[in-house]
Amino acid sequence: MSVIPGAWRRTAAGAGLLAADGTVAPTIFAEMSAAAARTGAINLGQGFPDEDGPAEVLEAARRAIADGANQYPPGRGVPDLLAAISEHQHRFYGLDVDPGTEVIVTAGATEALTATLLALIDGPDDEVVVFEPYYDSYAAAVALAGARLRTVPLRAPDFQPDLEQLAAAVTDRTRIILVNDPHNPTGAVFGREVLVEVVRLAQQHDAVIVTDEVYEHLSFHSPHTPIATLPDAAERTLTISSAGKTFSTTGWKIGWIHGPAALITAVLTVKQYLTYVNGSPFQPAIAVGLRLDDSYFSNAATELARKHQILGQGLRAAGFTVHPPRGGYFTVADATALGGADAAAFCRALPERAGVVAIPLSAFVSPEHREDYAGLVRFAACKRIDVLEEAAARLTRYSA
Ligand SMILES: *Cc1c(COP(=O)(O)O)cnc(C)c1O
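Here the residue numbering is sequential within each chain, running from 1 through the sequence in written order. Selection of residues for local features in this predicted model requires a pLDDT of at least 70, selection of side-chain atom pairs for listing and counting requires 80 or more, and totals for whole chains, interfaces and linings are taken over all residues. To get the side-chain values, all heavy atoms of the structure are used, and hydrogens and water are removed first.

- By the naming in an unreviewed UniProt entry, the chain goes by Aminotransferase class I/II-fold pyridoxal phosphate-dependent enzyme and is assigned to Microbacterium algeriense.
- UniProt positions are given in the numbering used here, feature names are shortened, and annotations may be inferred rather than shown by experiment. Among the UniProt annotations of the chain, the heading Cofactor (unreviewed entry) holds the following wording: "pyridoxal 5'-phosphate".

## Quick word on the site of the ligand
Then, in step 1: Surrounding the ligand, one finds Gly108, Ala109, Thr110, Tyr135, Asn180, Asn184, Asp212, Val214, Tyr215, Ser242, Lys245 and Lys253.
Then, in step 2: The definition of a polar contact used here is a pair of N or O atoms within 3.5 Å, where within protein one atom must be able to donate a hydrogen and the other to accept one, and adjacent residues in sequence count solely through side-chain atom pairs. Here an oxygen atom of the ligand and a side-chain polar atom of tyrosine 215 are 2.7 Å apart.
Then, in step 3: Compared with its free state, where it exposes 390 Å², the ligand has 93% of that area covered by protein.
Then, in step 4: Segments assigned H or I by DSSP are reported as helices when at least four residues long, segments assigned E as strands when at least two residues long, and all are numbered from the N terminus. Examining the composition of the shell around the ligand, we find that three residues originate from one element, helix H5 (residues 108–120), more than from any other.
Then, in step 5: Basically, the charged four are Asp, Glu, Lys and Arg, the nonpolar ten are Ala, Val, Leu, Ile, Met, Phe, Trp, Tyr, Cys and Pro, and anything else, Gly included, counts as polar. Considered class by class, the residues forming the shell around the ligand number four nonpolar, five polar and three charged. To be near a molecule or strand, a residue needs just one of its heavy atoms within 4 Å of it. Areas reported here follow the Shrake-Rupley algorithm with a probe of radius 1.4 Å; residue values treat only the protein chains shown as occluding.

## Quick word on the sheet that holds strand E6 (residues 208–212)
Then, in step 1: Reading across from one edge, E2-E8-E7-E6-E5-E3-E4 is the order of the seven strands in this open sheet, with mixed pairing throughout. Each edge of the sheet is formed by a strand with only one pairing partner; in this case those strands are strand E2 (103–107) and strand E4 (148–153). Neighbouring strand axes in the sheet, compared pairwise and without regard to direction, differ in orientation by 25 degrees on average.
Then, in step 2: At least two DSSP bridges between two strands are needed for those strands to be called paired. Both E6 and strand E7 (residues 237–242) contribute to a ladder of four bridges, which runs parallel. Across the sheet, residue aspartate 212 finds its bridge partner in E7, namely isoleucine 240.
Then, in step 3: The sheet strands contacting helix H4 (residues 79–93) are E2, E7 and strand E8 (254–258), and the helix crosses E2 at an angle near 110 degrees.
Then, in step 4: Contacting E2 and E8, helix H11 (residues 282–290) runs over the sheet at an angle of about 70 degrees to E8. With axes taken as lines fitted to C-alpha atoms, and helix axes fitted only over the stretch in contact, angles between N-to-C directions fall between 0 and 180 degrees. Contacts between residues were defined by any pair of non-hydrogen atoms, one from each residue, lying within 4.5 Å.

## Describing a nonpolar patch on the surface
Then, in step 1: Among the surface-exposed residues, Leu118, Leu144 and Leu274 lie close enough to one another that they form a single nonpolar patch of about 240 Å² accessible area.
Then, in step 2: Position of leucine 274 relative to the elements: it lies in helix H10 (residues 261–274). Patch criteria: residues need more than 30% relative accessible area and no salt bridge. Like-charged residues are merged within 9 Å; nonpolar side chains of Val, Leu, Ile, Met, Phe, Trp and Tyr are merged within 5 Å. Any carboxyl oxygen of Asp or Glu that lies within 4 Å of a side-chain nitrogen of Lys or Arg is treated as forming a salt bridge with it.

## Observations concerning the UniProt feature "domain: Aminotransferase class I/classII large" (unreviewed entry) in the chain
Then, in step 1: Here the UniProt feature "domain: Aminotransferase class I/classII large" (unreviewed entry) sits at residues 41–392.
Then, in step 2: In residues 41–392, helix accounts for 40% and strand for 17%; the two terminal C-alpha atoms are 12 Å from one another.

## Comments concerning the packing of H5 against helix H6 (residues 136–144)
Geometry of a packed helix pair, given as the angle between the helix axes and the separation of the axes.
Then, in step 1: For the pair H5 and H6, interaxial distance at closest approach is 9 Å and the crossing angle is 30 degrees. Regarding the angle of H5 to H6, the classification is roughly parallel. Crossing hand, H5 versus H6: right-handed. Residue-level contacts link Thr110, Leu113, Thr114, Leu117 and Leu118 of H5 to Ser137, Tyr138, Ala141, Val142 and Leu144 of H6. An angle below 35 degrees is read as roughly parallel, one above 145 as roughly antiparallel, one from 65 to 115 as roughly perpendicular, and any other as oblique. In a left-handed crossing the near helix is turned counterclockwise from the far helix by less than a right angle, and in a right-handed crossing that turn is clockwise.

## Notes on the sheet that holds strand E9 (residues 321–323)
Then, in step 1: One open sheet holds the four strands; their spatial order is E9-E10-E13-E12, and the pairing between them is antiparallel. Here the strands that pair on one side only, and so sit at the sheet edges, are E9 and strand E12 (359–360).
Then, in step 2: Here E9 runs beside strand E10 (residues 330–334); their pairing, made up of three bridges, is antiparallel. Bridge pairing in E10 links threonine 321 to aspartate 334.
Then, in step 3: Lying over the sheet, helix H12 (residues 294–317) contacts E9, E10 and strand E13 (376–380), oriented at roughly 15 degrees with respect to E10.

Right, dumping it as structure tokens:
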């Protein structure tokens, strides 16, 4: 691991991204993917599909390259994709988005989120309220933006927030309430009363709602409700999504963000100096994807729900207590009955002992709250059915 020269350490250390000895702390994802490569274990750690997305979308990207879409696209994004995002938001949710002023294409949801935080955070007294556990880039991006993280716990079995704890976390120092629905890593889909309370609190304290909806088409029991569709929400909400999860194109890094023009302009001022632009041949291809028939989107959710079922059965047979997800790529299971009360140690040993890689939920939690999630493990279900069945068989042999 490389040691960062002293003068550069301040930023990284300030953001909590540096280990005590001055090295770059390896993420658990890098560590576990390395373990998967070393041991040949099945990687249910990182959330990427092992099958390609729709052929029309892949073909459209090849065609775009052949047709010369190989130079910088416009800063806000390729007009056809901006139009397709606007059409998509109207078709599925009845939201009106002006493709000229209210949406920009980003290098994945990750850039949309980071640019938003850098744009909207004023100083170290600003707070960002997030639900915990949280997607790992959230805390890093909040720290890089120089704000304070305030967490609201999501606890098993249903991982819905307690509304009183939510209300207590939001104050006049809250600049942003950051929502992720459907939720990674827990698989929760927030109840309407939670979304209503987020909007009420944002209004009361004049905060911006930033909502990460990358799993919008992977909600298993109910149609997705964007928080921007709630009364009085749209005027203060920035909605982030991405093509990666919807079209199994996580490596393309085509995301987007939409909301009121003034907020979008603020995000654009930062985004233009992060990546400026990205993925010119992929942008028209994702426009094709967003215009696919409804059946593509409903099948994607049905197929993934079936994969979760197969994974869940296997995990139960192996002795885990499973918390079935309501959306997204991941199933959370409790390993305590298998001797995994310390899930971090359990996951470190799992590649060698069972030939499977998974991630402890503590990787998505602030250090001071890790005990609360100690026995929980996250498994990716976005893999081929035969791969999931083999993983389940290995875990069952391990526990026998
Ligand atoms: C995968 C994921 C992202 C990252 O999306 P990209 O488009 O790959 O940047 C963001 N948020 C959540 C919750 C995710 O699961």
